[in-house]
Amino acid sequence: MPIEPKPKPASCDSRAVAPRVPHGRAFRMIAPFLLALLPVVALCLLHAPVYATPPDDFVQGLFARGQFQAAASSLMPYTLVLVSAPLSALYQLMPQVPWYALMLLAMLVVSFWIAWSQLISLGLSRARLVCLGAVLLSCEIVCVWYFTYTIVAFIVLAAGLMLIMPRAVFGDAGRPSLADIAGYVLVALGFSLRPESGVAALVLFAPFLVWALARSRRAGTLLRAVAVVAVIAISYGAGQAAYRATPGWEDFPSYLDAGRKVLDTQRMDVSRVREQAPELSDNDVAMMYDWDFVDHEVFSTDLFERISKAESTYGLAHLIASFKAKVTYLLIALSALLLAVAAALSRMKGLEKSVRVLSFGVVAMALLNYMLIVMRGRPRLHIVIPVAIVTLFALLVCCQGPTERKGRHSADAVPAPGARARVVAAITCVVCAAGLGMFWVTTVRPLQSRLSLPFAAAASEYVESHPDELVVFGHTQSAWFSGTDAFASARWQCPDNILLVGGWESETAPWDTCLERWGLTDAAPLMQLATRRDMTLVATEATAKLYEAYLQEHVDPSVIATKVSDLGAGAISSKMISVWNFSSATGMPTA
């Protein structure tokens, strides 16, 4: 350890050099890994992770396990083949191991290992390291608490770029190093895990390319940029090729792309929808926005493409709607915090003017990202949170840029009186602890409380006791899945007498297998509710009434929905979820 200099009076103009962390090789390798690993292990020991978006993550895991609709599959709907194929292979070897959850946790550990390594390598004083370490630790805790593949995809791709960028932009962009290769692998994994997240994370690093082109235009820098784009293109191409070459998945990419343009934005007025699709009734539009669009006879890829022409992705109406969500105000607070962090890091490291501009350019990209989220009317925690974390990662890369001062004090070029620095560190730790506490109370605890909802047990019992009945879940499977944590999900066996309605999975091979098993057509499986007595619906009363009107319009005006029994309240709202059957006065149900 270096000898600590005596602190000088605050009034002295001399620059105080606070004690710094050791820089031994063993410390630089082991300490960052432990700092990344131990919080994840501790949190998992205290409580198994709970999926923040159970319909998506749980269904992803079912596909990887070959369990969705009790049908085998090696592909996943929202994750590309470079991740889904190895993951499915692991499940084939040891099906009881929660590989999907462990994969996400391992990706988080590796990503934050890289972030901790770069933070420690900055040579900051202990007090400043504590400040930034508290923020970084809080970010990792939030990622484990709010556990979803969307956030992990952001983080993993950003970590890959953290390995590539320092040499490519600031250093000797010579031959590729092991760090570069590892970075490309992480970029491929992050993009393949969720392409939309990967693109958003990549955009936040775009200012580095602009800075490098304006500053040096070195061939090595440009080649690395081209390599990143090539890795992403190969990952995307492999994913699309796998979908289009696998029977039952050929139409999935176009169906997903067209549908998302309509449903992943704010709801359009019925009149605007019907301008593009006059064949739809008001109730059909309501069914579509209620995510009950699996009858391809009515809701086809062509229909979504036509409706998307009237969709205004960004606009004032979406902006106003966003301010009704609490997440928008978190977004504003994070924006201010990112600006403060950028200013503080630039000052701590004494970065030269151009690098300071770069750091604020990174924050500007984050603010632009946030603005687009708000103007699209889609402020969501699993998007807002990772944008802030990725921005922090990018700012750590900026800190490795050239500084204004050289010599003894270049690593920490501004005065850092010991007492004041310790006070700031203590305040930062308190603020981070308070923020984590608020996040736990408002977000994490409600997620974990869903594990004890009676509905999950009641739904399982009903399905098991009616093996000869096809139970259609009208996007109520979220409440069912919420009763299982991320580790226990590997033991959840999908019954072969359920139909899970409420996503884009109706254009996949497992869905087709389930329909064939029950003698249903892909064109209109929901319409069979009106004519078959071996089909029931699990839904809220509002959804059951939508189905009733839908069947009256498309099958028989005399169809009536009848409640069979109540199963319990859902996970997101307190509305009762019940079992419903449908009967017709003019047509006899068929077995």
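Residues numbered from 1 in each chain as written. Predicted model: local features only at pLDDT ≥ 70, side-chain atom pairs only at ≥ 80, totals over all residues. Heavy atoms only, no water.

Spatial ordering of the open sheet is given by 2-1-3-5-4, a layout of five strands whose pairing is mixed. The strands lining the two open edges of the sheet, one partner per strand, are strand 2 (498-501) and strand 4 (560-569). Between one strand axis and the next, the sheet turns by 25 degrees as a mean value, whatever way the strands run. Strand direction decides the pairing type here: strand 1 (residues 470-474) and strand 3 (residues 535-540), joined by four bridges, are parallel. Looking at strand 3, one finds that Phe-473 is bridged to Val-538. In the packing of helix 23 (residues 541-554) onto the sheet, the strands contacted are strand 1, strand 2, strand 3, strand 4 and strand 5 (576-583), and the crossing angle to strand 3 comes to about 135 degrees. (Pairing = 2+ DSSP bridges. Helix = DSSP H or I, 4+ residues; strand = E, 2+ residues; numbered from the N terminus. Axes fitted to C-alpha atoms, helices over the stretch in contact; angles between N-to-C directions. Contact = heavy atoms within 4.5 Å.)

Here we come to the side chain of Thr-543. In this fold, Thr-543 is placed in helix 23. One polar contact links Thr-543 to Thr-540, side chain to side chain, over a distance of 3.2 Å. The residues contacting Thr-543, other than those within four sequence positions of it, are Asp-290, Asp-292, Gly-474 and His-475. (Polar contact = N/O pair within 3.5 Å; in protein donor to acceptor, adjacent residues only side chain to side chain.)

So, on to the packing of helix 5 (residues 126-145) against helix 19 (residues 418-449). When two helices pack together, their arrangement is captured by the angle between the axes and the distance separating the axes. Relative to each other, helix 5 and helix 19 sit at 5 degrees, their axes nearing to 8 Å. Overall, the two elements helix 5 and helix 19 adopt an arrangement that is roughly parallel. For the pair helix 5 and helix 19, the contacting residues are Ala-127, Val-130, Cys-131, Ala-134, Val-135, Ser-138, Ile-141, Val-142 and Trp-145 in the first and Ala-421, Arg-422, Val-424, Ala-425, Thr-428, Cys-429, Cys-432, Leu-436, Phe-439, Trp-440, Val-444 and Leu-447 in the second. Its residues assigned to classes, the contact of helix 5 with helix 19 shows 18 nonpolar, two polar and one charged. (Parallel < 35°, antiparallel > 145°, perpendicular 65-115°, else oblique. Nonpolar A, V, L, I, M, F, W, Y, C, P; charged D, E, K, R; others polar.)

This part is about the confidence of the model for the protein chain. Averaged over all residues, the pLDDT of the protein chain equals 89, while 91% of them reach at least 70. Within the protein chain, helix 15 (residues 316-322) has the poorest average pLDDT of any element, 72, and helix 4 (residues 99-120) the best, 97. Low pLDDT, under 50, characterises residues 1-18; the predicted model gives this stretch 17 contacts beyond four residues in sequence or across chains. The low-confidence segment residues 407-414 (pLDDT under 50) makes 23 contacts with residues lying over four places distant or belonging to another chain. (pLDDT = per-residue confidence, 0-100.)

Take the nonpolar core next. When a protein is soluble and globular, its nonpolar side chains tend to lie buried together. Counting 190 residues, the largest nonpolar core has Phe-112, Phe-205, Phe-208, Met-288, Phe-299, Phe-304 and Phe-473 as its most contacted members. If you tally residues by element for this core, the top one is helix 6 (residues 149-170), at 17 residues. Every residue in contact with Phe-208, bar those within four places of it in the chain, is listed here: Met-165, Val-169, Phe-170, Leu-358, Val-362, Ala-394, Val-397 and Cys-398. (Core = buried A, V, L, I, M, F, W, Y, C linked by side-chain atoms within 4.5 Å. Buried < 20%, exposed > 50% of the residue type's maximum accessible area, 1.4 Å probe, protein only.)

Let us look at the pattern of salt bridges. Here the structure, examined in full by the defined rule, presents 12 salt bridges. Glu-279 is the salt-bridge partner of Arg-306, the closest N and O atoms lying 2.7 Å from each other. Taken together, the positions of Arg-306 in helix 14 (residues 301-308) and Glu-279 in the loop between helix 12 (270-276) and helix 13 (282-289) put the pair 27 residues apart, joining distant regions of the chain. For Glu-279, a relative accessible area of 47% translates into the label partly exposed. A salt bridge links Lys-545 to Glu-548, with the shortest nitrogen-to-oxygen separation between them at 3.9 Å. With Lys-545 and Glu-548 both in helix 23, this residue pair falls three residues apart, about one helical turn. Residue class for Glu-548 comes out buried when judged on its relative accessible area of 12%. One salt-bridge network, held together by shared partners, links Arg-194, Glu-196, Arg-260 and Asp-264. (Salt bridge = Lys/Arg side-chain N within 4 Å of Asp/Glu carboxyl O.)

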